[in-house]
8 protein chains.
Amino acid sequence: MTDPADLGFARIDLKRQDRTGYPEVVYCAGKSADQAEAIMVRMREQGLPVLGTRAEPALAERIRGRFPGAVYDETARTLTIGGGGEAAGLVAVAAAGTSDLPAALEAVRTAEFFGSKVLLSCDVGVAGIHRLFDRLGELREARVIVAAAGMEGALPSVIAGLVAVPVIALPTSAGYGASFGGLSALLGMLTACAPGVSVVNIDNGFGAGYLANLINKGAAYAHV
Amino acid sequence: MTDPADLGFARIDLKRQDRTGYPEVVYCAGKSADQAEAIMVRMREQGLPVLGTRAEPALAERIRGRFPGAVYDETARTLTIGGGGEAAGLVAVAAAGTSDLPAALEAVRTAEFFGSKVLLSCDVGVAGIHRLFDRLGELREARVIVAAAGMEGALPSVIAGLVAVPVIALPTSAGYGASFGGLSALLGMLTACAPGVSVVNIDNGFGAGYLANLINKGAAYAHV
Amino acid sequence: MTDPADLGFARIDLKRQDRTGYPEVVYCAGKSADQAEAIMVRMREQGLPVLGTRAEPALAERIRGRFPGAVYDETARTLTIGGGGEAAGLVAVAAAGTSDLPAALEAVRTAEFFGSKVLLSCDVGVAGIHRLFDRLGELREARVIVAAAGMEGALPSVIAGLVAVPVIALPTSAGYGASFGGLSALLGMLTACAPGVSVVNIDNGFGAGYLANLINKGAAYAHV
Amino acid sequence: MTDPADLGFARIDLKRQDRTGYPEVVYCAGKSADQAEAIMVRMREQGLPVLGTRAEPALAERIRGRFPGAVYDETARTLTIGGGGEAAGLVAVAAAGTSDLPAALEAVRTAEFFGSKVLLSCDVGVAGIHRLFDRLGELREARVIVAAAGMEGALPSVIAGLVAVPVIALPTSAGYGASFGGLSALLGMLTACAPGVSVVNIDNGFGAGYLANLINKGAAYAHV
Amino acid sequence: MTDPADLGFARIDLKRQDRTGYPEVVYCAGKSADQAEAIMVRMREQGLPVLGTRAEPALAERIRGRFPGAVYDETARTLTIGGGGEAAGLVAVAAAGTSDLPAALEAVRTAEFFGSKVLLSCDVGVAGIHRLFDRLGELREARVIVAAAGMEGALPSVIAGLVAVPVIALPTSAGYGASFGGLSALLGMLTACAPGVSVVNIDNGFGAGYLANLINKGAAYAHV
Amino acid sequence: MTDPADLGFARIDLKRQDRTGYPEVVYCAGKSADQAEAIMVRMREQGLPVLGTRAEPALAERIRGRFPGAVYDETARTLTIGGGGEAAGLVAVAAAGTSDLPAALEAVRTAEFFGSKVLLSCDVGVAGIHRLFDRLGELREARVIVAAAGMEGALPSVIAGLVAVPVIALPTSAGYGASFGGLSALLGMLTACAPGVSVVNIDNGFGAGYLANLINKGAAYAHV
Amino acid sequence: MTDPADLGFARIDLKRQDRTGYPEVVYCAGKSADQAEAIMVRMREQGLPVLGTRAEPALAERIRGRFPGAVYDETARTLTIGGGGEAAGLVAVAAAGTSDLPAALEAVRTAEFFGSKVLLSCDVGVAGIHRLFDRLGELREARVIVAAAGMEGALPSVIAGLVAVPVIALPTSAGYGASFGGLSALLGMLTACAPGVSVVNIDNGFGAGYLANLINKGAAYAHV
Amino acid sequence: MTDPADLGFARIDLKRQDRTGYPEVVYCAGKSADQAEAIMVRMREQGLPVLGTRAEPALAERIRGRFPGAVYDETARTLTIGGGGEAAGLVAVAAAGTSDLPAALEAVRTAEFFGSKVLLSCDVGVAGIHRLFDRLGELREARVIVAAAGMEGALPSVIAGLVAVPVIALPTSAGYGASFGGLSALLGMLTACAPGVSVVNIDNGFGAGYLANLINKGAAYAHV
């Protein structure tokens, strides 16, 4: 009898939901379209919802041909089959500028996929700080805030000094020169002078959205 | 009429508790003993509990002479006057090795100061992974886990693959050579292959403990 | 009389087998197809088996047209003419994820070319550590283990704490952002907290496979 | 006849005032007390005002023994003999936190030495942004603003989005871990998302103060 | 009633001119042609002059189709609609070599857009220093100088030792190998041994030109 | 009943010998003298031989007071109680220069402690390559070679091109300036152009010696 | 009357030959084909020999159409019109491997252009050190040696320990992973343990060849 | 019969003078006073002149007690017994500032030890470039020039554009902040825009002086 987790080139972690509360996610960037599709098909066969990240349009086309209900977000590059559901609690995602939208939207789609309600605020970077204050009321509604920014990455510091909830800093590779592909934003966020901030990898909108959902819902999950 | 926040060389953020739920903390490393003491005295005059981090023994001696109830943890280098209290929920702090204890204990004392109950697990690094499995039951009791490690910093990845709660990765400067003062642990944690992990600055036990308490209690605070 | 080692643009090290036990290998990445082919033809004329690494499909096509027995592995990008043989001892190669397969397979093909028997285990990364424990029995059969991983590169540490044989850490460039092209995996492996680990260059599957074979067979060679 | 500029181990740039409008300054860090004193004595003999930076207390003691009018600022580590004067225009210097005071005060003393009026604002870092807004009226009075900050270095971005004058960003080495001795603040300031910002070297309060004075007074000097 | 600042994917900072004296500028690199065009159209509707930086020729073509008065500089990659005007004071821009022209011209076009008169000097790098001395008279006419250079970035140091006005150092990515994309020029400029120098991001001609104009005109603006 | 592995501040990995063939080793650098001594005492109570690395002379004095048979090597900074024994096979350790001796000797003492016979060759760096050729006969007797070098770290490449056994490259922090604390040697060794080389952390003589012994004896251990 | 040095976009340094003994060289990488051609034409009009480096084949085609005597080396990417001549003294250029040939040949063509006789030795890398010894007699004939190598860059150290003339180390970008684009070779060469070595930029064959010619001929030039 | 080269802890390279024209030099930084003294005594017994670099005053005292003719330069930290002699040709050493003197003087003493005549020019940094022009006549007398500078390291570029002889760039660790211990000067010199420049390690005055002497005298030595 064959093991449904085993695809030869990969072993799906079918027990992840038991251990961590949520199913495995398909990171498409390092995989061929054949590999990504085979994994998604097998997960659907096991009754699991599917979230694919870093999915190229061609892969999305192919998957939507096979699963008509699949949804693709071109900016976030996320591909989902199923997921979502209750949409409880509130996660806020704030993007400093237009160039930060791909990472920010990946966070939005990920948190929604796992069941959170998400509010996105665009263009609230610190160079025009009144735009952030305009949205502060909304941000204070959330249980956790994702702050996405490139360049100097100052947004999480400023937000964390104004709210009473955890701030997940999401550095992006937006910028040039001394941005060094997001390194300056990353370092700035790690050394944020306001407490309550923690940081994920550069452009890791998925990680930020996953963690935001975990914080949003975790208390309920872990203790009931 | 003078402003109680103003000490000339510093302006205490007396409104921080209103904005963020918790009072300001005194980072002693960049201040003279005179400056640190003056700030702590003023905060006590305003009725605030005091947490000093990176406090040297000589400062601790001086403060305990003035405030007999002050408590100093030599390993964590934390100095507290008041704080603590209800001790609700559970935060777990896991330290990979003995060299990671200063940072890990700073996280413990910080989370306790703000009111969390904290469980510390020592020497659970991945080189002898059975020691981690021995403590897994305990770790799964917590609402959030701080994982402190230097060198390759693999502990948060392994833990995050085994639990259903947020993991705060705390890189430490333990190690030598290619550890580059904690940089290798920091990079390893930022690129952790398991979701649910976010990272604070190297040796920033305070930041990890503050955020752990926020996650532990945040839902209650933000929505009642 | 001409020197068979001399091709004008290159001098083949025909005496390497005498000095080091194994013939020279052709690193195709820095050479034109003409150069690579000329070197391979000359080596065959001298009766040597040929291993080409980083070979593009077009070069493989060309070489197979000339040497029908040549074998090309598209994922590993290895091209072999002859080699292999006895297949003694056992080398284990463990890959953390699908994205690590190209480097891992280069190690597999290289060790096989020089005469080792090789076992490959896929998708045994530390985020789902039960998958590693499922393969532990097999890994313990080997005389030496190659552990390939990108991102935080924690796999070699965990394996080395569980086995009694040398572990060759093979960092890969899989990942993005703070992976910095494999640097984070490299640093993590160099600072592995378990002894018995040594490291080769990023994506250097050839070096890992060569060394694994040397350890597997070396004692016999060097002392008989 | 001897050249008054020549001290053997050094050649004072006595023509600098003619070329650049201001006399040379003595950077004491790389010089012995004997060397620093000899240079200062020679400059006084030539009728020049003296500004020594990075001066240790022992040197200050010695110089004040010889020049009773010499003034030493222990925090800024500046030593001045003469200078100052008209005190025209207004330069503002803003320091994010107490640890940034040495660099900020070096800027203050330098700008004052060359004849600017200077206003210092302490503890206006972005983690408690209301403290910055409290001082905004004052900052807007200045013709140029120096913004000193360590850690993530977000202060210049925020200020530059709020004022109509040049902002000189002064990164400091305050911080630890991923601050990397001021590198994170430096990179953050170089990639500031608000225009009107330029950056000097880490802890280079002298450079910031010199340039601030130049901008404050330059138009008058260069064109009359 | 809709907010004219709000485009959904972006919020234009329409109040920037009130706060900082100058309107917002459109950084085209991180935006789709649709997004860039929508922002420019909205700004024109609000009566604002438009400066787009890092604009590709295709975008320029499109915008010129819509706004016949738009001007595109192919080397600088700037696109302007309106702006310019009085052309008061003098800003000098010096480029070390031909490869530094794109950044230097971006500075020229930016300063002109905001109303400064600008003089450009090409090929005045330090390897043939007589070429710099040939232009020194012209440079001394300016109220502020932008010095653009790649490779070792020595130009600002040399110029600042010869003039009495602020020097804005503009590092460029010209060069190869140990230039590391402009890093060597950047570090060289930050550690310039002559005072009066400050630095902007690599290839940030816009930032240099904006600041040059601010210094050129600031005194007048801020105090009348 | 208490767990003998548990010392409160540390958990000794008493099962390591079962899993990996060798007992745990005490890294003294991150521990107080009290902690180091307590661990060593407990290990002796469990009948284990003790190897302490990075031990300061004061600790050595103290341990020798308690265990008269303890042996301290001042250069290697190793402290051993028991261990050694059969002394089978041959490991060669080659040091490029006198400054590399501390790391090289740590490798020697470690391999001896675990039962290997070790031959040390000093001052065989590539700047006087005849010194290496003088020792080549000896080096070829060994089953595995540790090559320790700082600065450019070229020794392992040269040796690996001359022998038929694995070469463990041990970068040292000897050098200054562009050595960057051993980084240049480390990078040089990772990119060694000869196959058969793998690398351990900078100054990690223990890791090199442990692995050398493992390779020397492993085949016998793992398969009997 | 127009200045023949002035091309608008560039100023040719026509006096360089007077100051430094040799005419300016055209670095084609940062210039359009139009710009490169215009400069070459103007130099020929002034009677100067032309050396263009980093010239693409298309530019070479164009220039050869105009100057039939122009010579293009496809591997070195050099384009020469005139130059060469006496061919006095001997410069040796040694290349570690085939991938180092482009940089090594750029050095060869440059030294020849300025009048040196040059001997090229290929594939003399340290992994097969007998190949270097085979050529040692030839290398000892030279007045100066250029040693080109990528990866660990050990070649200059080994050569400098064997000869009595200056060695110019030419790091190349050959390699991958921890080569970091030539950085590991560069650092290795800077920290070479043998004296008599100095280093030029990564892939800067022109600089190496220019300097080699200068050393070869300089004594004669400077003092007659 | 014992080998005079062998001191147990070290093997002196007694044949170096035969191979390279000059005897080995003693780098004292990595050696105990006992080791350094033993090597110097043995070299004197073999009739060799001795040059010790990075020698501390205590070692100098000790050696002068034994060899009354030994000469110590406190700034250069060089210790010489014998050497010097003919003093032929001319080497120029130019130091940008007072802080660069230790490295510059190490170059002076080294070149003198091996027989060159040396001229030192102090304080000729590019911030006051007239000071360099004042010395240009002298510099043009030399056959080779060493240019020592910290911070932005622009001096070699400027000099190389003005002279017809090789320039050895000697980066120093003078500076702070973004100097990164000499890294900015090193990178600046490697990317110098003027040809004829090559670079040695940071603070490696010995290497610069050794090479300068080699160039100064090499032609005569190698070919007579």
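Residues numbered from 1 in each chain as written. Chains lettered and ligands numbered in written order. Predicted model: local features only at pLDDT ≥ 70, side-chain atom pairs only at ≥ 80, totals over all residues. Heavy atoms only, no water.

## Description of the interface of chain A and chain B
Inference 1: Contacts between the two partners involve 32 residues from chain A, matched on the other side by 32 residues from chain B.
Inference 2: Together chain A and chain B conceal approximately 2800 Å² of surface at their shared face, both sides included; 67% is due to carbon and sulfur atoms.
Inference 3: Broken down residue by residue, the surface that chain A buries against chain B is led by Ala164, Leu190 and Pro195 of chain A, which jointly contribute 19%.
Inference 4: Run the count over chain A and chain B and you get zero salt bridges.
Inference 5: In this structure, the connection of chain A to chain B is made through four residue pairs in polar contact (both at pLDDT 80 or more).
Inference 6: Every element with two or more residues in the side of chain A that touches chain B is listed here: helix 1 (16–20), helix 8 (183–190), strand 9 (197–199) and helix 9 (205–223) of chain A.
Inference 7: Top element by residues in the side of chain A that touches chain B is helix 9 of chain A. It accounts for eight residues. (Contact = heavy atoms within 4.5 Å. Buried area = accessible area lost by both parts, 1.4 Å probe. Salt bridge = Lys/Arg side-chain N within 4 Å of Asp/Glu carboxyl O. Polar contact = N/O pair within 3.5 Å; in protein donor to acceptor, adjacent residues only side chain to side chain. Helix = DSSP H or I, 4+ residues; strand = E, 2+ residues; numbered from the N terminus.)

## Quick look at the relation of the copies chain A and chain B
Inference 1: Superposition of chain A onto chain B requires a rotation of 180° combined with a translation of 0.0 Å along the rotation axis, giving an RMSD of 0.0 Å. The transformation relating the two chain copies, once decomposed into turn and shift, fits a two-fold axis. Of every C-alpha in chain A, the one belonging to Val199 of chain A sits nearest the axis of rotation, 2.5 Å from it.
Inference 2: Residue by residue, 100% of the interface of chain A is reproduced at the interface of chain B, so both copies engage with the same surface. (Least-squares fit on C-alpha atoms with pLDDT ≥ 70 in both.)

## Quick word on the interface of chain B and chain C
By a widespread convention, an interface's size corresponds to the accessible area lost as its parts come together.
Inference 1: Between chain B and chain C, the contact holds 22 residues from the first and 22 residues from the second.
Inference 2: Interface of chain B and chain C: buried area, both sides summed, is about 1900 Å²; carbon and sulfur atoms make up 76% of it.
Inference 3: Taken together, chain B and chain C are joined by zero salt bridges.
Inference 4: Along the contact surface separating chain B from chain C lie six residue pairs in polar contact (both at pLDDT 80 or more).
Inference 5: When contributions to the side of chain B that touches chain C are tallied by element, the ones reaching two or more residues are helix 7 (155–160) and helix 8 (183–190) of chain B.
Inference 6: In terms of residue count, helix 8 of chain B provides more of the side of chain B that touches chain C than any other element does, four residues in total.
Inference 7: Counted by class, the side of chain B that touches chain C contains 15 nonpolar, six polar and one charged residues. (Nonpolar A, V, L, I, M, F, W, Y, C, P; charged D, E, K, R; others polar.)

## Some thoughts on the packing of helix 2 (residues 33–45) of chain C against helix 3 (residues 57–66) of chain C
Geometry of a packed helix pair, given as the angle between the helix axes and the separation of the axes.
Residue and element names in this part refer to chain C.
Inference 1: Here helix 2 crosses helix 3 at 35°, and the two axes come no closer than 11 Å. By crossing handedness, the relation of helix 2 to helix 3 is classed as right-handed. Listed contacts from helix 3 to Ala33, Asp34, Ala36, Glu37, Met40 and Val41 of helix 2 are Leu59, Arg62, Ile63 and Arg66.
Inference 2: For the contact of helix 2 with helix 3, the class distribution of residues is six nonpolar, no polar and four charged. (Axes fitted to C-alpha atoms, helices over the stretch in contact; angles between N-to-C directions. Left-handed = near helix turned anticlockwise from the far one by under 90°.)

## Digging into the side chain of Glu106 of chain A
Residues and elements named next belong to chain A.
Inference 1: Mapped onto the secondary structure, Glu106 falls in helix 4 (residues 101–113).
Inference 2: A residue is classified by how much of its surface remains accessible, and Glu106, at 4% relative accessible area, is buried.
Inference 3: Polar contacts involving the side chain of Glu106 include one to the main-chain amide nitrogen of Gly205, which spans 2.9 Å.
Inference 4: Beyond its immediate chain neighbours, meaning those up to four positions away, Glu106 contacts Thr53, Arg54, Ala76, Thr78, Asp203, Asn204, Gly205 and Phe206. (Buried < 20%, exposed > 50% of the residue type's maximum accessible area, 1.4 Å probe, protein only.)

## Quick notes on the pattern of salt bridges
Inference 1: All chains considered together, the criterion is met by 127 salt bridges over all chains.
Inference 2: Put simply, Asp34 of chain E and Arg62 of chain E hold a salt bridge, and the shortest N to O gap is 2.4 Å. Here Asp34 of chain E is found in helix 2 (residues 33–45), whereas its partner Arg62 of chain E is found in helix 3 (residues 57–66), with 28 residues between them in sequence.
Inference 3: Among the ionic contacts, a cluster of salt bridges with common partners joins Asp3, Asp6 and Arg11 of chain A together with Asp134 of chain C.

## Concerning the relation of the copies chain B and chain C
Inference 1: Under the fitted operation, chain B is carried onto chain C by 0.0 Å of movement along the axis and a turn of 180°, and the coordinates agree to an RMSD of 0.0 Å.
Inference 2: Most of the interface of chain B is mirrored in chain C, where 100% of its interface residues are also at the interface.

## A few points about the sheet that holds strand 4 (residues 78–81) of chain G
All names here are of chain G.
Inference 1: With mixed pairing, four strands are arranged side by side in an open sheet as 1-2-4-3. At either end of the open sheet lies a strand with only one pairing partner, and these are strand 1 (26–27) and strand 3 (71–73).
Inference 2: Examined bridge by bridge, strand 3 and strand 4 share three bridges and lie antiparallel to one another. Within the sheet, the bridge partner assigned to Asp73 lies in strand 4 and is Thr78.
Inference 3: Helix 2 (residues 33–45) rests against strand 1, strand 2 (50–53) and strand 4 of the sheet, and its axis sits at about 160° to strand 2.
Inference 4: Of the strands in this sheet, strand 3 and strand 4 are in contact with helix 3 (residues 57–66), which crosses strand 4 at around 15°. (Pairing = 2+ DSSP bridges.)

## As for the sheet that holds strand 4 (residues 78–81) of chain D
Residue and element names in this part refer to chain D.
Inference 1: Within the open sheet, the four strands sit side by side as 1-2-4-3. Their pairing is mixed. Across the chains shown, the open sheet's two edge strands, defined by having one partner strand only, are strand 1 (26–27) and strand 3 (71–73).
Inference 2: Pairing of strand 1 with strand 2 (residues 50–53), which is carried by two bridges, proceeds in the parallel orientation. Considered in strand 2, the bridge of Tyr27 is made with Thr53.
Inference 3: Packed on one face of the sheet, helix 2 (residues 33–45) meets strand 1, strand 2 and strand 4 and runs near 160° to strand 2.

## Some thoughts on the environment of Ile39 of chain C
All names here are of chain C.
Inference 1: Assignment of secondary structure puts Ile39 in helix 2.
Inference 2: With 67 residues separating them in the primary sequence, Ile39 and Glu106 have C-alpha atoms 20 Å apart.
Inference 3: Not counting chain neighbours up to four residues away, the residues in contact with Ile39 comprise Leu7, Phe9, Ala10, Ile12, Val26 and Lys31.

## Some remarks on the side chain of Lys217 of chain E
Inference 1: For Lys217 of chain E, the location among the structural elements is in helix 8 (residues 205–223).
Inference 2: Sequence-distant contacts of Lys217 of chain E, defined by excluding residues within four places in its chain, comprise Tyr22, Glu86, Phe114, Gly115 and Ser116 of chain E.

## Re the environment of Cys122 of chain D
Residues and elements named next belong to chain D.
Inference 1: The topology assignment puts Cys122 in the loop between strand 6 (116–121) and helix 5 (130–134).
Inference 2: Under the relative-accessibility criterion, Cys122 is labelled buried at 10%.
Inference 3: Between the alpha carbons of Cys122 and Lys217 there is a distance of 24 Å; along the sequence they are 95 residues apart.

## Remarks on helix 3 (residues 57–66) of chain B
Residues and elements named next belong to chain B.
Inference 1: Among the residues making up helix 3, those that are buried are Leu59, Ala60 and Ile63. Along the axis of helix 3, the buried positions cluster into a sector of 100°, meaning they face one direction only. Facing away from the buried side of helix 3, by more than 90 degrees, are the exposed residues Ala58, Glu61 and Gly65.
Inference 2: Of the surrounding elements, those touching the buried residues of helix 3 are helix 2 (33–45), strand 3 (71–73) and strand 4 (78–81). (Arc of directions from axis to C-beta.)

## Side note on the packing of aromatic side chains
Inference 1: With the rule as written, the count across this model stands at 52 aromatic pairs over all chains.
Inference 2: A centroid spacing of 5.0 Å and a plane angle of 70° characterise the contact between Tyr22 of chain H and Phe114 of chain H, whose relative ring orientation is edge-to-face. A residue pair is termed long-range when its members are at least 10 positions apart, and Tyr22 of chain H in the loop between helix 1 (16–20) and strand 1 (26–27) and Phe114 of chain H in the loop between helix 4 (101–113) and strand 6 (116–121) qualify at 92 residues.
Inference 3: A relative accessible area of 9% means that Tyr22 of chain H is categorised as buried.
Inference 4: In this structure, Arg54 of chain E is placed above the aromatic ring of Tyr176 of chain A, and the distance from its NZ or CZ to the ring centre is 4.1 Å. (Phe/Tyr/Trp six-rings, centres within 6.5 Å; stacked < 30°, edge-to-face > 60°. Lys NZ or Arg CZ within 6 Å of the ring centre and 35° of its normal.)

## Description of the domain arrangement of chain A
Residue and element names in this part refer to chain A.
Inference 1: What the domain assignment reports for chain A is domain 1 (16–81) and domain 2 (88–222).
Inference 2: Computed from C-alpha atoms alone, the centre-to-centre distance between domain 1 and domain 2 is 24 Å.
Inference 3: On the side of domain 2, 16 residues touch domain 1, which itself brings 18 residues to the contact.
Inference 4: Summing both partners gives a buried area of about 1300 Å² for domain 1 against domain 2, and 67% of it is carried by carbon and sulfur.
Inference 5: Inspection of the domain 1/domain 2 interface yields two salt bridges.
Inference 6: A salt bridge links Asp73 to Arg109; the shortest N-O distance between them is 2.7 Å.
Inference 7: The tally of links from domain 1 across to domain 2 stands at three residue pairs in polar contact (both at pLDDT 80 or more).
Inference 8: Where the side of domain 1 that touches domain 2 is concerned, the elements lending two or more residues are helix 1, strand 2 (50–53) and strand 4 (78–81).
Inference 9: Taken together, the residues of the side of domain 1 that touches domain 2 sort by class into eight nonpolar, seven polar and three charged. (Domains from an automatic or database assignment.)

## A closer look at the pairing of strand 2 (residues 50–53) of chain E
In summary, the side chains of a regular strand alternate between the two faces of the sheet.
Residues and elements named next belong to chain E.
Inference 1: Residues of strand 2 alternate between two faces, with Val50 and Gly52 on one and Leu51 and Thr53 on the opposite face, all of them buried.
Inference 2: With three bridges connecting them, strand 2 and strand 4 (residues 78–81) associate as antiparallel partners. The residue of strand 4 that forms the bridge with Val50 is Ile81.

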